[in-house]
Amino acid sequence: MSEPEQHDVIVIGAGVSGIYQIKRLTDLGVDAIVLEADDDLGGTWYRNRYPGARFDSESYTYGYSFSKEVLDEWHWKERFSPQPENLAYLNFVADKFDLRRHMRFGARVEAMTWDDDARLWQIDLVGGERLIARFVITSLGPLSIPTRPSYEGMDSFTGQSFHTYAWPQEPVPLEGKRVGVIGTGATGIQVISAIADKVGDLKVFQRRPNWSTPLNNGSISPAEMDDIRARYDEIFANCAASAGGFEHVPDRRGFWNVSPEERRALWDELYTQPGFAFLAANFAEIFFDIEANREISEYVADRIRGRVDDPELAEKLIPKDHGFGLQRLPLETNYFEAYNRDNVHLIDLSEAPIERFTETGIQTSDDHHELDLIVYATGFDAITGGYDRIEIRGVDGQTLSEKWHDSPSTYFGVLSHGFPNMLMVAGPQSVSGSTNFPRAIETGVDWVTGLLEHAFETGATRIEAQVDAEEAWVEKVKRAHDRLLLSNSQGWFTGYNSNVAGRQAGKIRYQAYFGGAPQYATMIAEAAADGYRGIDLA
Ligand code: NA7
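A quick note: this is a predicted structure, and the numbers were derived from the prediction, not measured.

Secondary structure summary: the chain contains 18 helices and 20 strands in total. In terms of C-alpha radius of gyration, the chain reaches 23 Å, essentially the compact-globule figure of 24 Å for 538 residues. Structurally, the chain occupies a C-alpha span of about 70 × 60 × 45 Å along its principal axes. Across the 538 residues in the chain, those meeting the buried criterion constitute 57%. Counting contacts in the chain only where the partners sit at least 6 residues apart, residues at least 24 apart contribute 71% of the total. Accessible surface computed for the chain: about 21600 Å², of which carbon and sulfur atoms make up 47%.

Spatial ordering of the open sheet is given by β13-β14-β15, a layout of three strands whose pairing is antiparallel. Two strands bound the open sheet, and with one partner strand each, they are β13 (354-357) and β15 (367-370). In this sheet, neighbouring strand axes are inclined to one another by 20 degrees on average, regardless of whether the strands run parallel or antiparallel.

Near the ligand lie 21 residues; those nearest to it are Thr-187, Arg-207, Arg-208, Trp-492 and Tyr-496. For the ligand, an oxygen atom lies 3.0 Å from a polar atom in the backbone of Ala-186. For the ligand, whose unbound accessible area comes to 770 Å², protein coverage reaches 87%. Looking at the shell around the ligand residue by residue, the classes come out as ten nonpolar, eight polar and three charged.

You can see Met-422 is positioned in strand β18 (residues 422-424). Look at Met-422 and you get buried, because its relative accessible area is 0%. When neighbours within four sequence positions are excluded, Met-422 is seen to be in contact with Met-112, Trp-121, Val-136, Thr-138, Tyr-387, Ile-392, Leu-400, Val-414 and Leu-415.

What follows concerns the packing of helix α1 (residues 16-27) against helix α16 (residues 437-458). Following both chains from N to C, one finds α1 and α16 inclined at 35 degrees, their axes separated by 10 Å at the closest point. At the point where α1 passes α16, the crossing takes the right-handed sense. Seen from α1, the contacting residues are Val-16, Ser-17, Tyr-20, Gln-21, Arg-24 and Leu-25; seen from α16, they are Phe-437, Pro-438, Ile-441, Glu-442, Val-445, Asp-446, Val-448, Thr-449, Leu-452 and Glu-453. Of the residues that constitute the contact of α1 with α16, the class distribution is nine nonpolar, three polar and four charged.

Here the focus is unusual backbone geometry. A positive phi angle, near 55 degrees, is found at Asn-216, a position not held by glycine. The exposure class assigned to Asn-216 is partly exposed, which follows from its relative accessible area of 28%. Residue Gln-429 is not a glycine yet carries a positive backbone phi of 70 degrees. Among the secondary structure elements, Gln-429 is positioned in the loop between β18 and α16.

Here the second largest pocket is characterised by a volume of approximately 370 Å³. The residue inventory of the lining of the second largest pocket, partitioned by class, reads seven nonpolar, eight polar and six charged.

With that out of the way, let us pick up the sheet that holds strand β9 (residues 201-206). Strands sit in the order β7-β16-β8-β9-β12 across an open sheet of five strands; the sheet is parallel. Where the open sheet ends on each side, the last strands, each with one partner, are β7 (160-163) and β12 (344-348). Within this sheet the neighbouring strands show an average axis-to-axis angle of 15 degrees, counted without direction. In terms of strand pairing, β9 meets β12 through five bridges, oriented parallel. Across the sheet, Val-204 pairs through a bridge with Leu-346, a residue of β12. Lying on the sheet, helix α6 (residues 186-195) is in contact with β8 (178-182) and β9; it crosses β8 at an angle near 160 degrees.

For the rest of this paragraph, the subject is helix α5 (residues 83-96). Over its 14 residues, α5 runs 20 Å from end to end, which matches the ideal 20 Å to within 8%, given 1.5 Å per residue. Listed in full, the buried residues belonging to α5 are Gln-83, Glu-85, Asn-86, Leu-87, Tyr-89, Leu-90, Asn-91, Val-93 and Ala-94. Looking one or two residues beyond α5, the residue adopting positive phi is Asp-98, at roughly 50 degrees.

As a further point, take the pattern of salt bridges. For the coordinates displayed, the defined rule picks out 42 salt bridges. For Asp-116, the salt bridge goes to Arg-462, with nearest N and O atoms at 2.9 Å. Here Asp-116 is found in the loop between β4 (109-115) and β5 (120-125), whereas its partner Arg-462 is found in the loop between α16 and β19 (463-465), with 346 residues between them in sequence. The exposure class assigned to Asp-116 is partly exposed, which follows from its relative accessible area of 32%.

Pairing geometry for strand β1 (residues 5-12) and strand β6 (residues 130-138), over seven bridges, is parallel. Counterpart to Val-11 in the pairing with β6 is Ile-137. Relative to strand β2 (residues 32-35), β1 runs parallel, the two sharing four bridges. Among the inter-strand pairings, Ile-10 is bridged to a residue of β2, identified as Ile-33.

Here we come to the side chain of His-322. Take His-322: it is sitting in the loop between α12 (311-316) and β11 (331-332). Using a relative accessible area of 9% as the deciding quantity, one classes His-322 as buried. At a separation of 2.7 Å, a polar atom in the side chain of His-322 contacts the side chain of Asp-321. Once you skip the residues sitting within four places of it in the chain, His-322 turns out to touch Arg-208, Pro-209, Asn-210, Trp-211 and Gln-327.

The next subject is the nonpolar core. In this structure, Val-9, Trp-76, Ile-137, Tyr-232, Phe-412 and Trp-447 are the most contacted members of the largest nonpolar core, which totals 69 residues. Among the elements that take part in this core, α16 stands out by supplying nine residues, more than any other. Setting aside residues up to four positions removed in sequence, Val-9 forms contacts with Leu-25, Val-30, Asp-31, Ala-32, Ile-33, Phe-135, Ile-137, Leu-452 and Phe-456. The next biggest cluster of nonpolar side chains, apart from the first, holds 56 residues, and it includes Val-181, Phe-246, Tyr-271 and Phe-278.

Next up on the list: the packing of aromatic side chains. As enumerated under the stated definition, the model contains 43 aromatic pairs in all. Summarising the aromatic geometry, the rings of Tyr-271 and Phe-278 are spaced 5.7 Å apart at their centres and angled 85 degrees between planes, so their arrangement reads as edge-to-face. Exposure remark for Tyr-271: the relative accessible area of 6% places this residue in the buried category. A network of ring pairs unites the aromatic residues Tyr-20, Trp-45, Phe-55, Tyr-62, Tyr-64, Phe-66, Trp-74, Trp-76, Tyr-89, Phe-92 and Phe-97 as a single cluster. Of note, Lys-23 hangs over the ring of Phe-97, and the distance from its end group to the ring centre comes to 4.5 Å. In this arrangement the basic side chain of Arg-49 is found over the ring face of Tyr-46, its NZ or CZ atom lying 4.8 Å from the centre.

About the cut-offs
- Note on numbering: residues in each chain are counted from 1, in written sequence order.
- Reporting of local features is limited, given that this is a predicted model, to residues whose pLDDT is at least 70; pairs of side-chain atoms are given and counted only at 80 or more, and all residues count toward the totals for whole chains, interfaces and linings.
- Hydrogen atoms and water are omitted, and side-chain values are computed over all heavy atoms in the structure.
- The numbering of helices and of strands both runs from the N terminus, where a helix is a DSSP run of H or I of at least 4 residues and a strand a run of E of at least 2.
- Using C-alpha atoms as the atom set, the radius of gyration is obtained and then compared with a globule rule of 2.2 Å times the number of residues to the power 0.38.
- When accessible area is computed with a 1.4 Å probe and restricted to protein chains, residues below 20% of their type maximum are described as buried, those above 50% as exposed, and intermediate ones as partly exposed.
- Contacts are assigned to residue pairs with any non-hydrogen atoms lying within 4.5 Å of each other.
- Only the protein chains shown count as cover for residues, with accessible areas throughout obtained via the Shrake-Rupley method and a probe of 1.4 Å.
- Strand pairing requires that DSSP identify at least two bridges connecting the strands.
- Note on definitions: angles span 0 to 180 degrees between N-to-C directions of axes, and those axes are lines fitted to C-alpha atoms, for helices only across the stretch in contact.
- One heavy atom suffices: a residue is near a molecule or strand as soon as one of its heavy atoms comes within 4 Å of it.
- As used in this structure description, the phrase polar contact means that two N or O atoms lie within 3.5 Å; if the pair is within protein, one of them must be able to donate a hydrogen and the other to accept it, and residues adjacent in sequence are counted only when both atoms belong to side chains.
- Residues are grouped as follows: Ala, Val, Leu, Ile, Met, Phe, Trp, Tyr, Cys and Pro are nonpolar; Asp, Glu, Lys and Arg are charged; every other residue, Gly included, is polar.
- In this scheme the crossing of two helices becomes right-handed for a clockwise turn of the near helix relative to the far one and left-handed for an anticlockwise turn of less than a right angle.
- Every definition here rests on a 1 Å grid over the protein atoms only: cavities are sets of points where a 1.4 Å probe fits but cannot get out, pockets are open sets enclosed by protein on both sides within 12 Å along at least five of seven lines, and lining residues have some atom within 4 Å of a point.
- Grid points are joined across faces, edges and corners, and a volume is the space filled by probe spheres set on the points.
- By definition here, a helix of n residues has an expected span of 1.5 Å times n minus one.
- Whenever a carboxyl oxygen of Asp or Glu lies within 4 Å of a side-chain nitrogen of Lys or Arg, that contact is scored as a salt bridge.
- Throughout, nonpolar core names a set of buried Ala, Val, Leu, Ile, Met, Phe, Trp, Tyr and Cys residues whose side chains join them through atoms within 4.5 Å.
- Stacked, edge-to-face and tilted labels apply to pairs of Phe, Tyr and Trp rings (six-membered ring for Trp) whose centres lie within 6.5 Å, assigned for plane angles under 30 degrees, over 60, and everything in between, in that order.
- A ring has a charge above it when a Lys NZ or an Arg CZ is no more than 6 Å from the ring centre and no more than 35 degrees off the ring normal.

Everything listed is a geometric property; what it means functionally is a separate question.
As structure tokens, this is what we get:
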């Protein structure tokens, strides 16, 4: 047998994080490759090809900030850019820096085993190949493991069916088709809005409605793009200074310091603003103060009532089990208006649950729904799912899945004690899940790269989080989380997923740091300046 291929660093995943990570490593001249399970790069933007898939972040705050050339050359055509353009952008960046030659596609990692004597990771791919690396950087993506419900008879359905994450590359004929969409999270809301006027008949299988506010998308002209380019430094500085990593700044007047009329005037204005403005440029009290949250929820409920013609239907689209902004807020374009169409029907599963699938459709407790196509917009095993799918064995053979069974435990979301030399980018308990994703990615990749440089310079071959430092970080994550009203909500932020064992409602997993991007950036910078405090380097 030939010797396993060996590298100083192996990066797993060629999505937004992996692309930037390999760029930084190759710039340093480190011997590194990326292993990617898919056939090409792009991660989320390679996979999510469903109609309506697009950024909820302003495009120019989502793109990488690291290269002036890229910033100068790339023209974002829409304020919230759609999937095909986003994938083209990632390819543009990869090609510009000739990064593909460091990437291996179709390479799915199934196991990683730490050899503490040799201080090396053994990486086993599906198919049997083994590689060796001194350091592994995991950029697995927080939403890369799609999950589906399991109902009796699902396999007997003879029409087409797929998860939104696996929407086929070839065109899916929709005209005249009877389509069922299960799930009304951010994805369901995007896809429902996009296909409502393209399909014959659309049935939306809704178990719990979500709050949703207008995306207010628009095109970006060449002249506007020139203005954005001239402002890039300011844009990224604004994002770095904001808790969510966006340009939106919270209203600092204080919820209770202004009159209800003034609050309403602000909300009327924000409702017409693009992206997360309605959420992030609002009063901070809506996230902490139950009364403030009740008032904003009632405002958004009224907006929904004003957009849906049938009052009874409008009530079914208004969440009653959680307040506004306490789960990941989906942004929409004419979502509520879709229900005013004759060909769109809400199937309220809270009244009549799904009983089973049949050859021709879905049987609920009160009706049979004939369908040609079923779309699962049923979400992901979020944040830790990618880690659970690889058998990661650290010191003394412990698996990471065992360690994280109840909730992840990390130091800054980058390291986990017992798993030396495994560095996570956009990992659990970092700010990636809770803020504008790429902004946090760049912070994370830069920090991981600095840590590796430090190890190379000092000759350290083993990097491990200290137990105390990790415990202190987990405590910080919990504290930041528990002071928010969202702490008990049923969404992927808190680890809820009805289709994954042990992730049902009521069991909180501390998956993301909610203390804000600036605080996070400051803390990790200070630890680095202090000789990578909390980390054993040997
Ligand atoms: P989400 O936000 O986790 O939403 C999943 C949706 O699927 C949600 O409405 C679920 O309802 C629904 N679901 C799951 N299982 C079922 C069954 N069995 N029956 C009916 N409905 C079901 O995932 P998304 O893909 O929308 O969004 C994930 C992120 O991707 C998003 O935040 C963006 O950042 C990108 P439930 O709430 O469990 O009642």
